Amino acid sequence: MGQAKAEQANVKPFIEESWKQVLKKEFAAPYFRDLKQFLVEERARYTIYPPGKQIFSAFDNTPFHEVKVVILGQDPYHGPGQAHGLCFSVSKGVNPPPSLKNIFRELRDDLGIPEPAHGNLGSWTRQGVLLLNATLTVRARQPGSHQNRGWEKFTDAAIAALSEKRSGLIFLLWGSYAQAKEGMIDTGKHHVLKAPHPSPFSAARGFFGCRHFSVTNKLLRKQGKEAINWAIQ
């Protein structure tokens, strides 16, 4: 029992300070305490992705007041070395999964950007693109294994805070799961762009040709904001 408590104490919300302030009520909520205990128990029995220090990478890389664009995913990748806390992104040295390859194809067709040498989208996050999964952890080789444990409440709170406290953000909602979040977004002061998911099962039904990257930059420039350099650095 004492060891479990000690392990639980190590599951702390190490998160960028502005987000920590915005989400402080969530960290104190009963569901988040339950989520931490669940993660302690999971780590004792299974391999969990991403590594603990990367769970909040989306927030750490893009402070609350620097967010300009939000891309919503569902789960982290569940293969070895893939997930590092940014939706659709993989660590350098890891082969890009099919959905990411389709994103690169759309980048090429939309903006003429050639396929990059790696799949780490970190350069986007440093320009104000929040790459947020609804669920921030997953059991190895078991997609969806950490859904409905509390993460969705936490990330929904982040989306709601962005909608309420910011203006002029551009939300890219790819696929039905992401599009179900549209009701949380004040479309009177934010932009929502929707397309099918870039998965091979749906990309040909409208993700290819959506031109979300160029449209996003046009919307940013219209607001007097700097456009995103979508080339992977």
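Before reading on, note that the structure itself is shown above.
Residues numbered from 1 in each chain as written. Predicted model: local features only at pLDDT ≥ 70, side-chain atom pairs only at ≥ 80, totals over all residues. Heavy atoms only, no water.

A. Inspection of helix H8 (residues 151-165) at higher detail. Between the first and last C-alpha of H8 there are 21 Å, a value that for 15 residues agrees with the 21 Å anticipated at 1.5 Å per step. Residues of H8 that are buried include every one of Trp 151, Glu 152, Phe 154, Thr 155, Ala 157, Ala 158, Ile 159, Ala 161, Leu 162 and Ser 163, and no others. (Helix = DSSP H or I, 4+ residues; strand = E, 2+ residues; numbered from the N terminus. Expected span 1.5 Å × (residues − 1). Buried < 20%, exposed > 50% of the residue type's maximum accessible area, 1.4 Å probe, protein only.)

B. Representation of the pairing of strand E5 (residues 170-174) in the model. Within E5, 5 of the 5 residues are buried, which leaves the element mostly enclosed by the surrounding structure. A two-sided burial pattern is seen for E5, the buried positions comprising Ile 170, Leu 172 and Trp 174 on one face and Phe 171 and Leu 173 on the other. One ladder, built from 3 bridges, connects strand E2 (residues 69-73) with E5; its direction is parallel. Within the sheet, the bridge partner assigned to Val 70 lies in E5 and is Phe 171. Looking at chain direction, E5 and strand E6 (residues 191-195) are connected through 5 bridges and run parallel. Pairing of Leu 172 across the sheet is with Leu 193, part of E6. (Pairing = 2+ DSSP bridges.)

C. Seen up close, the pattern of salt bridges. Overall, the coordinates contain 6 salt bridges when judged by the stated rule. With its nearest N and O atoms 3.4 Å apart, the salt bridge here joins Lys 101 to Glu 115. Of the two residues, Lys 101 is situated in helix H6 (residues 98-111) and Glu 115 in the loop between H6 and helix H7 (122-125); the sequence distance between them amounts to 14 residues. For the salt bridge of Arg 108 with Asp 109, the shortest nitrogen-to-oxygen distance reads 3.0 Å. Classification of Arg 108 by relative accessible area gives partly exposed; the value is 46%. Owing to a relative accessible area of 43%, Asp 109 belongs among the partly exposed residues under this scheme. (Salt bridge = Lys/Arg side-chain N within 4 Å of Asp/Glu carboxyl O.)

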